[in-house]
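A look at the structure
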Amino acid sequence: MNITKNIHEWLFSLMPETTASIVQMVLIAVVYLGIFAVAGLYLVLLERRVAAWFQLRLGPNRVGYQGLLQTMADALKLVSKELTVTIKADKFLYNIAPYFVIITALMALSLFPFSKEFQAFDINIGIFFLTAISSIGVIGILLAGWSSNNKFALIGAMRSGVQTISYELSVGLSLLTMVLMTGSLQLSQIVEVQKGGWLIVQGHIPAIIAFCIYMIAGTAETNRAPFDLVEAESELGAGFHTEYSGMKFAYFFLAEFINMFIIASIATTIFFGAYLSPFGISENIPLLGVFWFLAKTLVLIFLMMWFRWTFPRLRIDQLLVLEWKYLLPLNLLNLVLMALIVLLKLTIHF
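What counts as what
Residues numbered from 1 in each chain as written. Predicted model: local features only at pLDDT ≥ 70, side-chain atom pairs only at ≥ 80, totals over all residues. Heavy atoms only, no water. Helix = DSSP H or I, 4+ residues; strand = E, 2+ residues; numbered from the N terminus. Buried < 20%, exposed > 50% of the residue type's maximum accessible area, 1.4 Å probe, protein only. Contact = heavy atoms within 4.5 Å. Lys, Arg positive; Asp, Glu negative; His and termini not counted. Charge placed at Lys NZ, Arg CZ, Asp CG, Glu CD. Expected span 1.5 Å × (residues − 1).

1. Points about the overall build of the protein
A count of helices and strands for the protein gives 13 helices and zero strands. Listing every helix and strand of the protein by position from the N terminus yields α-α-α-α-α-α-α-α-α-α-α-α-α. Of all 350 residues assigned to the protein, the portion counted as buried reaches 47%. Long-range pairs, those at least 24 residues apart, make up 76% of the contacts in the protein with a sequence separation of at least 6. One way to put it: in the protein the 21 positive side-chain charges average out to a point 7 Å from where the 20 negative ones average out.

Next up, the structure:
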């Protein structure tokens with residue numbers, strides 16, 4: 001039984017229908033905002049620790065035990081900073097741009113099945129919805145770069161548009177390869193298919209290829225190194241958010257880490273069985289399901305951080321050549337290969 005159904009029935013037994021519906025939506029929104037904030041703060045701390053580990057230094061270790069409160073102190077610092085804006089900026093678009101990025105990330109977060117009972121929004125076009133909603137985030141980046149009236153911010157925004165449009169193809173095709181195998185776009189049904197084994201195992205070589213392409217393209221989608229040309233410090237200062245300060249800068253900063261969590265969560269759900277345990281099905285113990293989901297997701301996030309501290313930044317021409325000459329053709333061939341395997345299985349079964 002879905003957790004939202006339990007909350008729904010309890011609230012409707014206490015109050016009128018309209019009031020119960022409003023309270024239900026507010027409660028679910030508060031829970032996910034809490035997850036959003038905690039995940040963002042923790043991932044920033046994890047990034048710093050991983051960076052320190054790779055560079056043989058300590059990392060945050062002063063504020064709180066072992067530096068656990070460092071990111072909270074940074075958040076308080078950003079809240080207290082003045083919100084500045086350049087004189088010639090388009091103030092309306094400048095102010096609204098961060099909300100495009102943060103809201104789309106929050107909407108995507110609501111679809112993930114953290115456990116069998118912990119999923120706020122389960123629709124039959126889940127994968128399609130995720131790819132569509134994640135595409136809207138780039139609008140915020142484009143608006144931020146253009147409205148800032150800063151040439152470096154504009155260059156960063158243009159790079160983001162090119163990069164996102166290019167690598168979305170590989171992300172979409174790699175997910176489509178797995179959808180072809182499962183026959184469903186609904187995340188809960190995709191998880192159900194994996195009770196007999198994770199899709200990365202069931203799908204054999206095409207699934208492994210799809211996973212590798214997805215992780216490369218997903219890293220590029222989040223504008224992280226070695227694909228961080230959008231905010232290349234040595235060229236563009238801070239890129240598209242050069243002119244932002246205070247909480248508006250924090251929104252962009254937080255959204256980057258949440259998007260990394262979203263990319264890893266999609267991979268966990270599609271390729272690694274979401275909340276299903278490697279040693280058996282954990283669907284009857286919700287907290288155990290949440291543990292397995294987060295454990296798998298954190299391993300993939302660590303992999304993305306490993307990319308950042310291992311590979312040098314690509315040039316813009318190398319970035320586009322990688323997508324259009326290598327990843328995209330390989331993805332199309334892999335899609336055809338998966339279609340042949342699915343057709344062969346159906347023929348044998350028939």
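2. Side note on helix α4 (residues 91-109)
Note: α-helices contain 3.6 residues per turn, so residues at a spacing of three or four share the same orientation. Here α4 is 19 residues long and its end C-alpha atoms lie 29 Å apart, about the 27 Å a rise of 1.5 Å per residue gives. Where α4 is concerned, the buried positions are Leu93, Tyr94, Ala97, Pro98, Val101, Ile102, Thr104, Ala105, Ala108 and Leu109. Residues of α4 that are buried sit in contact with α2 (17-54), α5 (126-147) and α11 (246-271).

3. Side note on the side chain of Asn334
Here Asn334 is to be found in helix α13 (residues 316-349). Owing to a relative accessible area of 2%, Asn334 belongs among the buried residues under this scheme. Aside from chain neighbours lying at most four places away, what touches Asn334 is Thr177, Pro206, Ile209 and Ala210.

4. Notes on unusual backbone geometry
If a residue is not glycine, its phi is most likely negative; likewise, a peptide bond is most likely trans. The peptide bond linking Ala225 to Pro226 adopts the cis configuration, its omega dihedral lying at 5 degrees. Positionally, Pro226 belongs in the loop between α9 (204-221) and α10 (233-236). For Gln66, which is not glycine, the phi torsion reads 55 degrees and is therefore positive. With respect to the helices, strands and loops of the structure, Gln66 is situated in the loop between α2 and α3 (70-80). Notably, Asn223 is not glycine yet its phi reads approximately 60 degrees, a positive angle. Considering the arrangement of structural elements, one finds Asn223 in the loop between α9 and α10. Relative accessible area serves as the criterion here: at 7%, Asn223 is assigned to the buried category.

Any functional reading would require information beyond the geometric quantities listed.
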